[in-house]
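Remarks on the overall topology
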Amino acid sequence: MAIERKRKTRLADYGLQSERLLWPTKGPIAKGPGVFEREVESLEDALGLSTLAKAVAWAQTKSMWPDTFGLACCAIEMMSIVSSRYDIARFGMEAFRSSPRQADLLIVSGRVVHKMAAPLRQVYDQMLEPKWVIAMGACASSGGMFNNYTVLQGVDKIVPVDIHVPGCPPRPEALIEGIIRLHEKVQAGVPPAYDIRGVAS
Ligand code: SF4
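Notes on the structure in this doc start here. Keep in mind that this is a model prediction, so the values were computed, not measured.

**Remarks on the overall build of the protein**
When you go through the protein residue by residue, the secondary structure sums to 8 helices and 3 strands. Counted from the first residue to the last, the protein has its helices and strands arranged as α-α-α-α-β-α-β-α-β-α-α. Burial analysis of the protein (201 residues in total) assigns 36% to the buried set. Long-range pairs, those at least 24 residues apart, make up 75% of the contacts in the protein with a sequence separation of at least 6. Carbon and sulfur atoms form 59% of the exposed surface of the protein, whose accessible area is close to 12,200 Å².

**A closer look at the packing of aromatic side chains**
Tallied over the full model, the rule gives 0 aromatic pairs. Looking at Lys131, its charged tip hangs above the ring of Tyr124, at a distance of 4.2 Å from the centre.

**Regarding the packing of helix α3 (residues 52-61) against helix α7 (residues 172-187)**
Their axes nearest at 9 Å, the elements α3 and α7 cross at an angle of 165 degrees. In terms of orientation, α3 lies roughly antiparallel with respect to α7. With respect to the hand of their crossing, α3 and α7 are arranged in right-handed fashion. Judged by residue contacts, Ala57, Trp58, Gln60 and Thr61 of α3 engage His183, Val186 and Gln187 from α7.

**Observations regarding unusual backbone geometry**
Cis geometry marks the peptide bond from Glu129 to Pro130; its omega dihedral reads -5 degrees. Position of Pro130 among the secondary structure elements: in the loop between α5 (114-126) and β2 (132-136). Omega for the peptide link from Cys168 to Pro169 comes to -15 degrees, which places this bond in the cis form. Looking at the element boundaries, Pro169 is found in the loop between β3 (163-165) and α7. Even without being a glycine, Asp87 presents a positive backbone phi close to 55 degrees. According to the relative accessible area criterion, Asp87 is partly exposed, its value standing at 30%.

**Things to note about the site of the ligand**
All residues adjacent to the ligand are Ala72, Cys73, Cys74, Gly110, Arg111, Ala138, Cys139, Met145, Phe146, Gly167, Cys168 and Pro169. Going through the elements one at a time, α4 (73-79) and α6 (137-142) are the ones with two or more residues in the shell around the ligand. Class assignment of the residues belonging to the shell around the ligand gives a composition of 9 nonpolar, 2 polar and 1 charged.

**Observations regarding the sheet that holds strand β1 (residues 105-109)**
The 3 strands are arranged β1-β2-β3 in an open sheet whose pairing can be described as parallel. Each edge of the open sheet carries a strand with a single partner, namely β1 and β3. Between one strand axis and the next, the sheet turns by 20 degrees as a mean value, whatever way the strands run. As paired strands, β2 and β3 are joined by 3 bridges and run parallel to one another. For Met136, the partnering residue across the bridge sits in β3 and is Val165.

The rules behind the values
Residues numbered from 1 in each chain as written. Predicted model: local features only at pLDDT ≥ 70, side-chain atom pairs only at ≥ 80, totals over all residues. Heavy atoms only, no water. Helix = DSSP H or I, 4+ residues; strand = E, 2+ residues; numbered from the N terminus. Buried < 20%, exposed > 50% of the residue type's maximum accessible area, 1.4 Å probe, protein only. Contact = heavy atoms within 4.5 Å. Areas by Shrake-Rupley, 256 points an atom, 1.4 Å probe, with all protein chains shown as cover. Phe/Tyr/Trp six-rings, centres within 6.5 Å; stacked < 30°, edge-to-face > 60°. Lys NZ or Arg CZ within 6 Å of the ring centre and 35° of its normal. Axes fitted to C-alpha atoms, helices over the stretch in contact; angles between N-to-C directions. Parallel < 35°, antiparallel > 145°, perpendicular 65-115°, else oblique. Left-handed = near helix turned anticlockwise from the far one by under 90°. Near = heavy atom within 4 Å. Nonpolar A, V, L, I, M, F, W, Y, C, P; charged D, E, K, R; others polar. Pairing = 2+ DSSP bridges.

Structure below.
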(Lines give C-alpha, C1' and ligand atoms only; values in the text may rest on other atoms or scores of the structure.)
Protein backbone atom coordinates (compact mmCIF):
# COMPACT_ATOMS: atom_id res chain seq x y z
CA MET A 1 0.00 0.00 0.00
CA ALA A 2 1.42 3.31 -1.00
CA ILE A 3 2.13 5.60 1.91
CA GLU A 4 1.00 9.14 1.28
CA ARG A 5 3.54 11.62 2.60
CA LYS A 6 2.50 15.19 3.18
CA ARG A 7 5.05 17.94 2.73
CA LYS A 8 5.64 19.82 6.00
CA THR A 9 6.00 23.37 4.78
CA ARG A 10 3.13 25.30 6.34
CA LEU A 11 3.91 27.64 9.23
CA ALA A 12 1.12 25.91 11.16
CA ASP A 13 3.01 22.62 10.84
CA TYR A 14 5.96 24.23 12.59
CA GLY A 15 3.81 25.25 15.55
CA LEU A 16 2.74 28.78 14.64
CA GLN A 17 -0.44 29.51 16.60
CA SER A 18 -2.70 31.51 14.37
CA GLU A 19 -6.40 32.26 14.51
CA ARG A 20 -7.34 29.50 12.12
CA LEU A 21 -5.86 26.86 14.47
CA LEU A 22 -8.27 27.97 17.18
CA TRP A 23 -11.33 27.50 15.00
CA PRO A 24 -13.38 24.43 15.93
CA THR A 25 -13.20 21.83 13.18
CA LYS A 26 -15.87 19.50 14.58
CA GLY A 27 -19.39 19.90 15.85
CA PRO A 28 -22.23 22.21 14.83
CA ILE A 29 -20.17 25.41 14.90
CA ALA A 30 -17.30 23.96 12.91
CA LYS A 31 -15.99 26.15 10.15
CA GLY A 32 -13.07 25.62 7.89
CA PRO A 33 -10.46 28.01 6.59
CA GLY A 34 -11.73 30.86 4.49
CA VAL A 35 -10.53 31.73 1.00
CA PHE A 36 -7.93 34.14 2.41
CA GLU A 37 -6.58 31.48 4.77
CA ARG A 38 -6.29 28.97 1.95
CA GLU A 39 -4.42 31.55 -0.15
CA VAL A 40 -1.98 32.16 2.73
CA GLU A 41 -1.40 28.40 2.97
CA SER A 42 -0.54 28.14 -0.71
CA LEU A 43 1.77 31.15 -0.36
CA GLU A 44 3.58 29.44 2.54
CA ASP A 45 3.96 26.35 0.36
CA ALA A 46 5.56 28.45 -2.38
CA LEU A 47 7.94 30.35 -0.07
CA GLY A 48 11.39 29.06 0.82
CA LEU A 49 11.73 29.34 4.58
CA SER A 50 15.25 29.88 5.90
CA THR A 51 16.98 31.10 9.01
CA LEU A 52 18.71 34.45 9.26
CA ALA A 53 22.02 32.70 9.99
CA LYS A 54 21.77 30.74 6.74
CA ALA A 55 20.93 33.90 4.79
CA VAL A 56 23.92 35.73 6.31
CA ALA A 57 26.25 32.81 5.54
CA TRP A 58 24.99 32.74 1.96
CA ALA A 59 25.60 36.48 1.59
CA GLN A 60 29.11 36.15 3.06
CA THR A 61 30.09 33.56 0.48
CA LYS A 62 28.78 35.72 -2.35
CA SER A 63 30.84 38.77 -1.39
CA MET A 64 34.06 37.37 0.09
CA TRP A 65 36.68 39.88 -0.98
CA PRO A 66 40.30 38.66 -1.02
CA ASP A 67 43.19 40.80 0.16
CA THR A 68 45.78 41.77 -2.45
CA PHE A 69 48.62 39.72 -1.04
CA GLY A 70 51.03 37.79 -3.29
CA LEU A 71 54.32 36.36 -2.05
CA ALA A 72 55.96 34.21 -4.75
CA CYS A 73 55.32 32.10 -7.86
CA CYS A 74 51.94 30.89 -6.55
CA ALA A 75 50.73 34.50 -6.70
CA ILE A 76 50.87 34.41 -10.52
CA GLU A 77 48.37 31.53 -10.48
CA MET A 78 46.25 33.39 -7.94
CA MET A 79 46.14 36.53 -10.08
CA SER A 80 44.74 34.61 -13.02
CA ILE A 81 41.54 33.68 -11.17
CA VAL A 82 40.18 37.14 -11.91
CA SER A 83 40.72 36.69 -15.66
CA SER A 84 37.87 35.95 -18.03
CA ARG A 85 39.02 32.31 -18.32
CA TYR A 86 38.41 31.55 -14.61
CA ASP A 87 36.12 34.47 -13.77
CA ILE A 88 36.01 34.59 -9.98
CA ALA A 89 33.39 37.32 -10.42
CA ARG A 90 30.92 34.44 -10.60
CA PHE A 91 31.22 34.31 -6.81
CA GLY A 92 31.22 38.09 -6.29
CA MET A 93 34.93 37.87 -5.43
CA GLU A 94 36.67 39.73 -8.23
CA ALA A 95 37.35 42.78 -6.07
CA PHE A 96 40.78 42.12 -4.57
CA ARG A 97 41.12 44.81 -1.91
CA SER A 98 44.28 46.77 -1.28
CA SER A 99 43.27 47.48 2.30
CA PRO A 100 42.98 44.58 4.76
CA ARG A 101 40.14 46.46 6.44
CA GLN A 102 38.01 45.84 3.34
CA ALA A 103 39.00 42.18 2.88
CA ASP A 104 37.50 38.96 4.28
CA LEU A 105 39.87 36.43 2.77
CA LEU A 106 43.67 36.19 2.95
CA ILE A 107 45.11 33.93 0.25
CA VAL A 108 48.71 33.20 1.29
CA SER A 109 50.14 32.48 -2.14
CA GLY A 110 53.78 31.48 -1.84
CA ARG A 111 56.55 30.87 0.64
CA VAL A 112 56.63 33.03 3.77
CA VAL A 113 60.14 33.98 4.83
CA HIS A 114 60.67 34.81 8.49
CA LYS A 115 61.20 38.45 7.59
CA MET A 116 57.71 38.54 6.04
CA ALA A 117 55.97 36.73 8.92
CA ALA A 118 55.38 39.84 11.04
CA PRO A 119 53.89 41.95 8.19
CA LEU A 120 51.68 39.01 7.19
CA ARG A 121 50.37 38.69 10.74
CA GLN A 122 49.83 42.45 10.84
CA VAL A 123 47.75 42.31 7.64
CA TYR A 124 45.72 39.44 9.13
CA ASP A 125 45.16 41.35 12.38
CA GLN A 126 43.90 44.39 10.46
CA MET A 127 41.21 42.37 8.67
CA LEU A 128 37.77 42.60 10.25
CA GLU A 129 35.95 39.51 11.46
CA PRO A 130 34.67 37.21 10.16
CA LYS A 131 37.80 36.45 8.11
CA TRP A 132 39.25 33.38 6.48
CA VAL A 133 42.69 32.21 5.35
CA ILE A 134 43.66 29.93 2.46
CA ALA A 135 47.21 28.53 2.41
CA MET A 136 47.88 28.19 -1.31
CA GLY A 137 50.58 25.76 -2.42
CA ALA A 138 53.19 23.55 -0.79
CA CYS A 139 55.33 26.46 0.43
CA ALA A 140 52.54 28.28 2.27
CA SER A 141 51.26 25.02 3.73
CA SER A 142 54.52 23.46 4.86
CA GLY A 143 57.54 25.36 3.56
CA GLY A 144 57.61 23.14 0.47
CA MET A 145 61.03 22.48 -0.97
CA PHE A 146 62.50 25.33 1.11
CA ASN A 147 63.37 23.33 4.19
CA ASN A 148 65.87 25.87 5.49
CA TYR A 149 66.33 28.51 8.15
CA THR A 150 64.90 31.40 6.13
CA VAL A 151 61.43 30.06 5.34
CA LEU A 152 58.52 29.56 7.73
CA GLN A 153 57.58 25.87 7.66
CA GLY A 154 53.86 26.48 7.23
CA VAL A 155 51.87 29.70 7.56
CA ASP A 156 49.58 28.01 10.11
CA LYS A 157 52.33 28.68 12.64
CA ILE A 158 51.39 32.37 12.66
CA VAL A 159 47.75 32.56 11.43
CA PRO A 160 44.82 30.12 11.69
CA VAL A 161 44.29 28.48 8.28
CA ASP A 162 40.85 27.42 7.05
CA ILE A 163 41.80 25.68 3.79
CA HIS A 164 45.07 24.22 2.46
CA VAL A 165 45.40 23.97 -1.33
CA PRO A 166 48.07 21.42 -2.37
CA GLY A 167 50.38 21.74 -5.40
CA CYS A 168 53.50 23.51 -6.62
CA PRO A 169 52.05 25.68 -7.92
CA PRO A 170 48.38 24.77 -7.64
CA ARG A 171 46.59 25.55 -10.87
CA PRO A 172 43.90 28.26 -10.71
CA GLU A 173 41.30 25.47 -10.87
CA ALA A 174 42.74 24.04 -7.65
CA LEU A 175 42.54 27.41 -5.93
CA ILE A 176 38.93 27.79 -7.08
CA GLU A 177 38.25 24.30 -5.71
CA GLY A 178 39.65 25.48 -2.36
CA ILE A 179 37.49 28.61 -2.48
CA ILE A 180 34.38 26.52 -3.19
CA ARG A 181 35.24 24.19 -0.28
CA LEU A 182 35.57 27.28 1.94
CA HIS A 183 32.17 28.51 0.78
CA GLU A 184 30.69 25.12 1.64
CA LYS A 185 32.16 25.29 5.13
CA VAL A 186 30.75 28.77 5.71
CA GLN A 187 27.31 27.79 4.41
CA ALA A 188 27.35 24.68 6.61
CA GLY A 189 27.86 26.90 9.65
CA VAL A 190 31.48 25.91 10.36
CA PRO A 191 33.08 28.81 12.25
CA PRO A 192 36.32 30.41 10.97
CA ALA A 193 39.56 28.69 11.99
CA TYR A 194 40.43 31.33 14.60
CA ASP A 195 37.20 30.46 16.42
CA ILE A 196 37.85 26.71 16.31
CA ARG A 197 41.44 27.01 17.51
CA GLY A 198 40.60 29.70 20.03
CA VAL A 199 43.28 31.98 18.62
CA ALA A 200 42.80 35.60 19.55
CA SER A 201 42.68 37.67 16.41
S1 SF4 B 1 54.51 26.10 -3.94
FE2 SF4 B 1 55.81 26.09 -5.77
S3 SF4 B 1 54.93 27.68 -7.07
FE4 SF4 B 1 54.15 28.03 -4.98
S5 SF4 B 1 55.56 29.47 -4.05
FE6 SF4 B 1 56.28 27.42 -3.55
S7 SF4 B 1 57.79 26.96 -5.15
FE8 SF4 B 1 56.56 28.67 -5.88
